[in-house]
Amino acid sequence: MKLSHIEHIGIAVQSLSEAIKYYEEVLDLKCYAIEEVKDQKVKTAFFNIGDTKIELLESTDPEGPIGKFIEKKGPGVHHIAFAVENIGESLKEAESKGVKLIDLVPRKGAEGLDIGFLHPKSTLGVLTEFCENNN
Ligand code: ZN
């Protein structure tokens, strides 16, 4: 597989508006997009930093993945996303190397990217996302 860079870091937050305020006013980054991803039960906000983005994640449903994460662990770093070439093949390759996958095949994530998650039990506790921009 070929990973080119860290596409984004996903951060679970209690309140998107509070978190945006911190990133904009303290870190002087600019939120360039807010998007709801309905099937993930999240609202996201994006910031560019070099080739990488910060993806803030606010739960829209306590039963959703981010709602459950915050209940268990509190707000904080949720996942790291690598840009990969040929995400479908990369997921298969990871599986063939013994990694448990959350997504066996890519699906659509925020910003229209094709994404797939590796299970944190197989990735030393770091929820890992592969993503590829096929737009
Ligand atoms: Zn992500």
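Our structure is the block above this text.
No experiment lies behind these values; they were computed from the predicted model shown.

Examined against the element boundaries, Leu104 turns out to sit in the loop between α3 (87-96) and β6 (107-108). Among the residues examined, Leu104 registers a relative accessible area of 55% and is labelled exposed. C-alpha separation for the pair Leu104 and Asp114, spaced ten residues apart in sequence, amounts to 12 Å. When neighbours within four sequence positions are excluded, Leu104 is seen to be in contact with Leu91 and Glu95.

Attention now goes to the coordination of the zinc ion. Protein coordination at the zinc ion: the donors are His8 (NE2), Glu55 (OE), His79 (NE2) and Glu129 (OE), at 2.0 to 2.4 Å from the metal. Considering all four donor atoms around the zinc ion, the spread of angles at the metal, 84 to 174°, places the coordination shape in the irregular class. Taken in sequence order, the residues that donate to the zinc ion follow the motif H-x46-E-x23-H-x49-E. Placement of the pair is Glu55 in strand β4 (residues 52-59) and Glu129 in strand β8 (residues 128-132), with a sequence separation of 74 residues. Of the two residues examined, Glu55 and Glu129, each falls in the buried class.

What follows deals with the layout of surface pockets. When its volume is computed, the largest pocket comes out at roughly 760 Å³. Only β3 (42-49), β4, α2 (65-73), β5 (76-84), β6 and β7 (114-118) provide two or more residues apiece to the lining of the largest pocket. Per-element accounting of the lining of the largest pocket gives the leading share, six residues, to α2.

Let's shift gears to the packing of aromatic side chains. Scanning all chains against the criterion turns up three aromatic pairs. Pairing Tyr23 with Phe47 gives two aromatic rings, centres 5.3 Å apart and planes at 35°, and the pair type is tilted. Of this pair, Tyr23 sits in helix α1 (residues 16-26) while Phe47 sits in strand β3, placing them 24 residues apart in sequence. With a relative accessible area of 0%, Phe47 lands in the buried category. A centroid spacing of 6.1 Å and a plane angle of 40° characterise the contact between Tyr32 and Phe46, whose relative ring orientation is tilted. Placement of the pair is Tyr32 in strand β2 (residues 31-37) and Phe46 in strand β3, with a sequence separation of 14 residues. Residue classification places Tyr32 among the partly exposed positions, given a relative accessible area of 36%. Taken together, the ring pairs connect Tyr22, Tyr23 and Phe47 into an aromatic cluster.

Cut-offs and rules
- Each chain carries its own residue numbering, running from 1 in the direction its sequence is written.
- The predicted origin of the model limits local features to residues at a pLDDT of at least 70 and limits the giving and counting of side-chain atom pairs to 80 or more, whereas totals for whole chains, interfaces and linings rest on all residues.
- Note that the side-chain values use all heavy atoms of the structure and ignore hydrogens as well as water.
- Secondary structure elements follow DSSP: runs of H or I no shorter than four residues count as helices, runs of E no shorter than two count as strands, and numbering proceeds from the N terminus.
- Three labels apply to residues, based on accessible area from a 1.4 Å probe with only protein chains included: buried if under 20% of the type maximum, exposed if over 50%, partly exposed otherwise in between.
- Should any heavy atoms of two residues lie within 4.5 Å, those residues are counted as being in contact.
- Each metal's donors comprise the N, O and S atoms found within 2.8 Å of it (within 3.2 Å for Na, K or Ca). Water is not part of the atom list, so some coordination spheres may appear incomplete.
- Just to be clear on the cut-offs, tetrahedral is four donors with all angles between 85 and 135 degrees, square planar is four donors and octahedral six with opposite donors over 155 degrees apart and all others between 65 and 115, and anything else goes down as irregular.
- The rule is simple: put a 1 Å grid over the protein atoms alone, call a set of points where a 1.4 Å probe fits but cannot get out a cavity, call an open set with protein on both sides within 12 Å along at least five of seven lines a pocket, and count a residue as lining if it has an atom within 4 Å of a point.
- Grid points are joined across faces, edges and corners, and a volume is the space filled by probe spheres set on the points.
- When two rings of Phe, Tyr or Trp (its six-membered ring) have centres within 6.5 Å they constitute a pair, described as stacked for plane angles under 30 degrees, edge-to-face for angles over 60, and tilted for the intermediate range.

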